Amino acid sequence: MSDLKYSEDHEWLRLEDDATATVGITDFAQEQLGDVVYVELPEVGQQVAKDSDAAVVESVKAASDVKSPVSGTVLEVNTVLGDEPEIVNTDPTGDGWFMKLSLDNTDEIDQLMSEEEYLAFIKD
């Protein structure tokens, strides 16, 4: 069982400690997009609201907004994706992470799905 939580918009969140989380897109999302060619990340220090656009990912098929699954402040972004956006395809829940957030409201995490719930969600 994974320690990740998932949104209906196909983002994942991993709680790093009581107030920090790492966010990226799911394996399902990167499969739907196809080969990722560009990632636009938020600015460090930027405030993001739950379910608001936080980043953009472009693939050979389409451009798609990446929403923040929780509210918070961007502490760090994965600058490696600027030169190697394909990491999102090869390791979406590992080295392909997008941002680290300082959480505004940890209760928002309870609204996200477990891995089991997410797998059932994408099956439908």
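Just so we're clear, the structure is a prediction, and the values are computed from it rather than from any experiment.

Q: For the pattern of salt bridges, give the residues involved together with the corresponding values.
A: Overall, the coordinates contain three salt bridges when judged by the stated rule. Here Arg14 makes a salt bridge to Asp3, at a shortest N to O gap of 3.8 Å. In this pair, Arg14 sits in strand E2 (residues 11-17) while Asp3 sits in the segment before strand E1 (4-6), placing the two residues 11 residues apart along the sequence. A residue is classified by how much of its surface remains accessible, and Asp3, at 53% relative accessible area, is exposed. For Lys50, the salt bridge goes to Asp51, with nearest N and O atoms at 3.7 Å.

Q: Just give me the short version of the sheet that holds strand E6 (residues 53-59), but keep the residues and values in it.
A: As summarised here, the arrangement of the three strands in space is E4-E6-E7, forming an open sheet in which the pairing is antiparallel. Each of the sheet's edge strands pairs with one partner strand only, and the pair in question is strand E4 (36-40) and strand E7 (63-67). Pairs of neighbouring strands in the sheet enclose a mean axial angle of 25°, with direction left out of account.

Q: Go over the side chain of Ser59 with me, naming the residues and quoting the values.
A: By the secondary structure assignment, Ser59 is in strand E6. For Ser59, a relative accessible area of 9% puts it in the buried group. Other than its neighbours up to four places away in sequence, Ser59 contacts Leu33, Gly34, Asp35, Val36 and Val37.

Q: Pulling in residues and values, what's your account of the nonpolar core?
A: Ranked by internal contacts, the top residues of the largest apolar core, which has 25 residues, are Phe98, Met99 and Leu101. Only strand E3 (20-25), helix H1 (27-33), E4, E6, strand E8 (72-77), helix H3 (87-90) and strand E9 (99-103) provide two or more residues apiece to this core. With six residues, the next largest nonpolar core counts Tyr6, Trp12, Met113 and Tyr118 among its residues.

Q: Account for the environment of Ser52, naming residues and giving values.
A: With respect to the secondary-structure elements, Ser52 resides in the loop between strand E5 (47-48) and E6. When the C-alpha atoms of Ser52 and Val88 are compared, they prove to be 20 Å apart, with 36 residues separating the residues in sequence. Aside from chain neighbours lying at most four places away, what touches Ser52 is Val66, Lys67 and Ser68. One polar contact links the side chain of Ser52 to the main-chain carbonyl oxygen of Ala49, over a distance of 2.6 Å.

Q: A description of the sheet that holds E2 should follow, citing residues and the corresponding values.
A: Strand order in the open sheet formed by six strands is E1-E2-E3-E9-E8-E5, with antiparallel pairing between adjacent strands. A single partner strand is all that each edge strand has here, and the edge strands are E1 and E5. One ladder, built from two bridges, connects E5 with E8; its direction is antiparallel. Residue pairing across strands places Gln47 opposite Thr73, the latter belonging to E8.

So, how was this worked out
Residues numbered from 1 in each chain as written. Predicted model: local features only at pLDDT ≥ 70, side-chain atom pairs only at ≥ 80, totals over all residues. Heavy atoms only, no water. Salt bridge = Lys/Arg side-chain N within 4 Å of Asp/Glu carboxyl O. Helix = DSSP H or I, 4+ residues; strand = E, 2+ residues; numbered from the N terminus. Buried < 20%, exposed > 50% of the residue type's maximum accessible area, 1.4 Å probe, protein only. Pairing = 2+ DSSP bridges. Axes fitted to C-alpha atoms, helices over the stretch in contact; angles between N-to-C directions. Contact = heavy atoms within 4.5 Å. Core = buried A, V, L, I, M, F, W, Y, C linked by side-chain atoms within 4.5 Å. Polar contact = N/O pair within 3.5 Å; in protein donor to acceptor, adjacent residues only side chain to side chain.

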